[in-house]
Each structure stands twice: as structure tokens, then as C-alpha cells.
Amino acid sequence: CKLCDMETEAKSSVLDEFSYLYLSSEKEKESKKVQRRIEVPETESVSFLDHFGLSENPFGDSVNTSYFFKTTRHYNVFQKMKMCAEQNISLGLVVGQSGVGKTMITQMLLNYLDTKKFKTVLVLVSPGMTKTALIKDILLELGVQEDPIRHMQAYDLLRILHNKVIELYQTGRRLVIIIDEGHFLESSSLHMLRTISNIEVPEMKLTTCLIFAETVFERRLRHESYNSLRSRMYVKENLNPFSLEET
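Every value quoted in this text rests on a predicted model; they were computed, and no experiment measured them.

Colleague: When you look at the nonpolar core in this model, what are you seeing that I'm missing?
Modeller: One finds Ile-138, Leu-161, Ile-177, Ile-179 and Ile-196 to be the most contacted residues of the largest nonpolar core, which totals 41 residues. The set of elements that each furnish at least two residues to this core consists of strand 1 (91-96), strand 2 (118-124), helix 5 (131-141), helix 7 (154-170), strand 3 (174-180), helix 8 (187-197) and strand 6 (207-213). In terms of residue count, helix 7 provides more of this core than any other element does, eight residues in total. Core analysis: the second largest hydrophobic core is formed by 21 residues, Phe-78, Leu-109, Leu-113 and Phe-118 among them.

Colleague: Sorry if this is basic, but what is going on with the side chain of Ser-197 here?
Modeller: Inspection of the secondary structure assignment puts Ser-197 in helix 8. In this structure, Ser-197 is in contact with Ser-90, Leu-91, Lys-205, Thr-207 and Arg-232, ignoring residues within four places of it in sequence.

Colleague: I would appreciate a short explanation of helix 4 (residues 102-112) in the present structure.
Modeller: Counting along an α-helix, one turn takes 3.6 residues, and residues three or four places apart therefore face a common direction. Within the sequence span of helix 4, burial applies to Lys-102, Met-104, Ile-105, Thr-106, Met-108 and Leu-109. Packed against the buried residues of helix 4 are helix 3 (72-86), strand 1, strand 2, strand 3, strand 6 and strand 7 (233-239).

Colleague: Would you take a moment to explain the packing of aromatic side chains for this structure?
Modeller: Between two aromatic rings, the relevant description is the distance of the centres plus the angle of the planes. Counted under the stated rule, the structure contains two aromatic pairs. On the basis of an interplanar angle of 75° and a centroid distance of 6.0 Å, the ring pair of Phe-78 and Tyr-112 is categorised as edge-to-face. With Phe-78 in helix 3 and Tyr-112 in helix 4, this residue pair connects regions lying 34 residues apart in the sequence. In this structure an aromatic cluster arises from ring pairing among Tyr-75, Phe-78 and Tyr-112.

Rules of the game
- Residues numbered from 1 in each chain as written.
- Predicted model: local features only at pLDDT ≥ 70, side-chain atom pairs only at ≥ 80, totals over all residues.
- Heavy atoms only, no water.
- Core = buried A, V, L, I, M, F, W, Y, C linked by side-chain atoms within 4.5 Å.
- Buried < 20%, exposed > 50% of the residue type's maximum accessible area, 1.4 Å probe, protein only.
- Helix = DSSP H or I, 4+ residues; strand = E, 2+ residues; numbered from the N terminus.
- Contact = heavy atoms within 4.5 Å.
- Phe/Tyr/Trp six-rings, centres within 6.5 Å; stacked < 30°, edge-to-face > 60°.

Have a look at this one:
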């Protein structure tokens with residue numbers, strides 16, 4: 001009957017409204033729960049060090065030698081470059097892809113070469129660095145004041161460097177020049193490194209140059225114009241990425 005239909009519709013409408021209000025209430029409760037879970041009191045700060053139980057940030061921008069992971073390959077490369085300095089070898093080369101740990105090894109050498117026997121300087125090469133800029137960087141690392149050499153040419157700078165190397169030799173120390181990002185070196189700068197490696201006394205060469213560069217540098221050295229430089233590189237090493245087992 002018509003009256004029964006009206007009663008049924010009224011009941012249905014009440015149930016729909018009740019369902020809507022109930023579901024809305026439940027959603028609001030759940031939303032408040034989520035908010036409570038993600039809200040952080042203003043007096044507290046989120047620290048991933050605390051969250052992961054770390055004492056310091058292992059992902060900083062600086063190279064921290066305490067995080068050196070001594071794989072067989074990385075340790076061998078480090079030892080051979082150290083041997084270059086200890087055995088008076090004039091030129092050494094390490095090549096590898098970006099990110100495999102070349103800069104880490106340069107820092108290890110800085111830390112572990114005996115300061116009583118060696119004066120170790122690090123030159124970070126920038127794109128387009130000239131031979132003059134290269135020698136200036138080395139001299140500045142050796143403690144030479146910048147103003148007197150600011151406008152000097154490469155020949156005069158080389159003469160000053162030669163005298164510094166002799167002074168070190170007379171005090172029983174050897175100059176070790178570590179070149180990082182060596183693939184950026186211009187041709188004239190590479191030949192200047194060969195000239196620096198020729199500084200000598202009758203008994204031996206007085207400098208060791210260790211070049212760290214990306215793999216493209218090795219292909220570049222195959223050009224005949226670098227034959228004399230390449231022939232002086234008695235120690236050449238490839239630094240490979242971690243193996244699956246090492247990672």
C-alpha cells in the first residue's frame with residue numbers, strides 16, 4: 001500500500017543518514033589518529049642519527065678516512081702508491097670511474113705518509129688549469145707566500161720549486177705531489193709534471209708525482225705526444241668498483 005511504501009522510504013532515509021554520519025565520524029577519528037602519529041612536538045627535533053642509532057653522519061660531503069673500506073683492491077692500490085714514495089719512484093698513476101674511491105686514497109696517503117721523510121702536497125685540479133697555475137698551487141702548499149709569485153711566469157716558478165725540492169732533500173725529506181682529478185690537466189700541465197719529476201741529484205730523482213684520474217685519462221695518454229710521460233709511469237693501477245660480495 002502507499003502508506004507502507006512511505007514508511008519504508010522514511011526508514012531507508014534515516015538509515016542512510018545514520019550510515020553517513022557514522023562513516024564520517026570514523027573517518028574523522030582515523031584522521032586524528034594519523035595526525036597524532038606524525039605530529040612532532042615543537043620542542044623536539046627529528047634526528048636520523050638517533051633513529052638509526054648512529055654516533056655521527058656517515059654521509060657528509062667531506063672525505064672521512066675512518067670510513068675507508070679496505071677491500072683487497074683498494075688496499076693494494078693504496079700500498080702501491082705509498083711504495084712509489086718510499087722507493088723514490090718519480091711517477092705513479094691510478095685510474096678509475098667516478099666514485100670508486102680515488103679521492104679517499106689520496107686522503108689516506110696524506111694521513112699515512114711519514115711526515116719526517118716526506119713533504120706531501122695535494123693539488124685538486126680544476127678544468128683548464130694551466131701549467132703556471134699548477135706550479136703556483138704546489139708552491140702555495142709548500143708555504144710560499146702568494147704575493148711575490150702572483151705575476152711570475154712558469155719558468156721562474158719552476159726555478160723556485162726546484163730550490164724548494166733541494167731544500168727538502170737537504171733536510172732528509174722528499175716532495176710527494178698528489179694530483180686529484182688529473183683528467184682535467186691540460187697538455188702543457190702534464191708535460192710540466194714530467195719536468196718536475198726530473199728534478200734530481202746524481203743519486204736519484206727527488207720528487208714523486210701520483211696522479212689520480214678517471215679512466216678517460218688513460219686513453220688520452222696513449223697518444224704519441226705523451227710517449228715520454230707514459231714511459232716514466234712505472235706504477236699504473238686501475239681502481240675498480242666494489243664487487244657484489246663487497247657491497
